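# What the coordinates show
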Amino acid sequence: MSDTNRIYIEGAVVRAFEPRRSKNGSERAIATVLTEETLPGGKVIKAYHPVVGWDAMAREIGTWASGKRVRLVGRMRYRGERIDDKYVNDAEIILIEVKDTDDDVDFSSEIPF
């Protein structure tokens, strides 16, 4: 896998679903992770990110409780579809790795640029 599509995200789990089996037998689970960004002047912007895990990562997501802080490494994936004659492009994060959330690890040393 190329490192050109890698995203680092830290936030709180808002919702996580138990893994389910797809038609081909793979396990898939989805979580929603809340991130917050504080702008100059103190305004806080919240964003909700769908995170998808397959197989081992799906089982990991299945253990998450609401409110758990997580540090994740993933890759962005865009899926498009037509709804009412309009093209809708949804983004989701495909989970690659879960970082330890108990210590204050800084991602900056891992970002390759």
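Given the structure is predicted, the values throughout are model-derived calculations rather than measurements.

What the protein contains, in helices and strands, is one helix and six strands. Listing the helices and strands of the protein from first to last along the sequence gives β-β-β-β-α-β-β. For the protein, buried positions account for 27% of its 113 residues. Across the protein, contacts joining residues at least 24 apart in sequence account for 55% of those joining residues at least 6 apart. For the protein, the accessible surface area stands at approximately 7,800 Å², while carbon and sulfur atoms represent 48% of it.

Of note, Ile 9 is situated in strand S1 (residues 7-16). Each C-alpha atom, one on Ile 9 and one on Leu 34, is 9.6 Å from the other, the two residues being 25 residues apart in sequence.

A full pass over the atoms with the stated rule returns five salt bridges. When the shortest N-O distance is used, the salt bridge between Arg 69 and Glu 10 registers 3.3 Å. With Arg 69 in strand S5 (residues 69-83) and Glu 10 in strand S1, this pair connects stretches of sequence that are 59 residues apart. Overlapping salt bridges bring together Glu 10, Arg 69 and Arg 71 as one network.

Another aspect to go through is the pairing of strand S3 (residues 27-38). Note that S1 and S3 share four bridges and pair antiparallel. In the sheet register, Ala 12 faces S3, and the bridge partner there is Leu 34. Between strand S2 (residues 20-21) and the antiparallel strand that follows it, S3, lie five residues; Gly 25 among them carries a positive phi value of about 95°. Pairing of S3 with strand S4 (residues 44-54), which is carried by eleven bridges, proceeds in the antiparallel orientation. Counted as the bridge partner of Val 33 is His 49 from S4. Hairpin connection from S3 to S4: five residues lie between these consecutive antiparallel strands, with Gly 41 at a positive phi of about 100°.

This next bit is on the nonpolar core. Soluble, globular proteins show a tendency: their nonpolar side chains are buried together. Formed by 13 residues in total, the largest nonpolar core has its most connected members in Val 33, Val 51, Ile 61, Trp 64, Val 70, Leu 72 and Leu 95. With sequence-adjacent residues up to four places away left out, Val 33 is seen in contact with Gly 11, Ala 12, Ala 47, Tyr 48, His 49, Val 51, Val 70 and Leu 72.

With that settled, the discussion passes to the confidence of the model for the protein. For residues with low pLDDT, the predicted coordinates do not support detailed interpretation. Mean pLDDT over the protein works out to 81, with 78% of the residues at or above the 70 mark. Looking over the protein, one finds the lowest element-wise mean pLDDT in strand S6 (residues 86-99), namely 77, and the highest in S4, namely 92.

The rules behind these values
Residues numbered from 1 in each chain as written. Predicted model: local features only at pLDDT ≥ 70, side-chain atom pairs only at ≥ 80, totals over all residues. Heavy atoms only, no water. Helix = DSSP H or I, 4+ residues; strand = E, 2+ residues; numbered from the N terminus. Buried < 20%, exposed > 50% of the residue type's maximum accessible area, 1.4 Å probe, protein only. Contact = heavy atoms within 4.5 Å. Areas by Shrake-Rupley, 256 points an atom, 1.4 Å probe, with all protein chains shown as cover. Salt bridge = Lys/Arg side-chain N within 4 Å of Asp/Glu carboxyl O. Pairing = 2+ DSSP bridges. Core = buried A, V, L, I, M, F, W, Y, C linked by side-chain atoms within 4.5 Å. pLDDT = per-residue confidence, 0-100.

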